[in-house]
Amino acid sequence: MEAGLALGLPAAVAGGAIIALLLGLFGGGGSVLATPLLLYIVGIADPHVAIGTGAAAVAVNAAANLAVQARAGTLKWPCALSFAGAGLAGSLAGAVLAQRVDGQPDIQID
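Residues numbered from 1 in each chain as written. Predicted model: local features only at pLDDT ≥ 70, side-chain atom pairs only at ≥ 80, totals over all residues. Heavy atoms only, no water.

Participant: Sorry, what's going on with the environment of Q69 here?
Facilitator: Secondary-structure assignment places Q69 in helix 3 (residues 47–72). On a C-alpha basis, the gap between Q69 and G24 in space is 9.7 Å, while along the polypeptide they are 45 residues apart. Filtering out sequence-adjacent residues up to four positions away, Q69 remains in contact with T74 and L75. (Helix = DSSP H or I, 4+ residues; strand = E, 2+ residues; numbered from the N terminus. Contact = heavy atoms within 4.5 Å.)

Participant: How should I be thinking about the packing of helix 2 (residues 30–42) against helix 3 in this particular structure?
Facilitator: Running from amino to carboxyl end, helix 2 crosses helix 3 at an angle of 135°, the nearest separation of the two axes being 8 Å. With respect to helix 3, the element helix 2 is oriented oblique. The chirality of how helix 2 crosses helix 3 is right-handed. From helix 2, G30, S31, A34, T35, L38 and L39 reach across to helix 3, where they touch P47, A50, I51, T53, G54, A55 and V58. Split into classes, the residues belonging to the contact of helix 2 with helix 3 amount to 8 nonpolar, 5 polar and no charged. (Axes fitted to C-alpha atoms, helices over the stretch in contact; angles between N-to-C directions. Parallel < 35°, antiparallel > 145°, perpendicular 65-115°, else oblique. Left-handed = near helix turned anticlockwise from the far one by under 90°. Nonpolar A, V, L, I, M, F, W, Y, C, P; charged D, E, K, R; others polar.)

Participant: Help me understand the nonpolar core in this model?
Facilitator: When a protein is soluble and globular, its nonpolar side chains tend to lie buried together. L37, L38, L39, V42, I44 and A50 together form the largest nonpolar core, which totals 6 residues. At 4 residues, the largest contribution of residues to this core is made by helix 2. Setting aside its immediate chain neighbours within four residues, L37 contacts A11, A12, G15 and V42. (Core = buried A, V, L, I, M, F, W, Y, C linked by side-chain atoms within 4.5 Å. Buried < 20%, exposed > 50% of the residue type's maximum accessible area, 1.4 Å probe, protein only.)

Participant: Looking at this structure, how should I read helix 2?
Facilitator: In an α-helix there are 3.6 residues to a turn, and that puts residues three or four apart on one side. If you check helix 2, its first and last C-alpha atoms are just 16 Å apart, much less than what 13 residues at 1.5 Å a residue would give, namely 18 Å. Residues of helix 2 that are buried: G30, A34, T35, L37, L38, L39 and V42. Taken from the residues just after helix 2, G43 is the one with a positive phi, measuring 105°. (Expected span 1.5 Å × (residues − 1).)

In structure tokens:
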């Protein structure tokens with residue numbers, strides 16, 4: 001376990017619940033909130049690990065939100081699938097580029 005992570009575990013649980021609530025309520029923005037929370041409050045030192053961890057958590061929450069919306073019949077599947085396909089391409093390109101960049105200088109708070 002990373003240094004500081006054990007102390008940040010309650011913050012991770014509380015933050016994850018709040019982020020999931022906002023994701024379900026507004027339909028997006030989870031990773032924008034999760035990555036800084038994981039870095040600065042939970043204590044994950046490596047930005048790339050925080051990005052991957054946040055992405056995994058947000059994906060699970062988004063899948064749950066999708067299931068609820070699909071059950072309620074509030075989806076336009078052709079639009080959702082085309083939007084998701086374009087988003088997938090952008091996400092894969094962003095993930096490849098992120099691995100080539102040293103994240104440390106970009107996230108320091110002075």
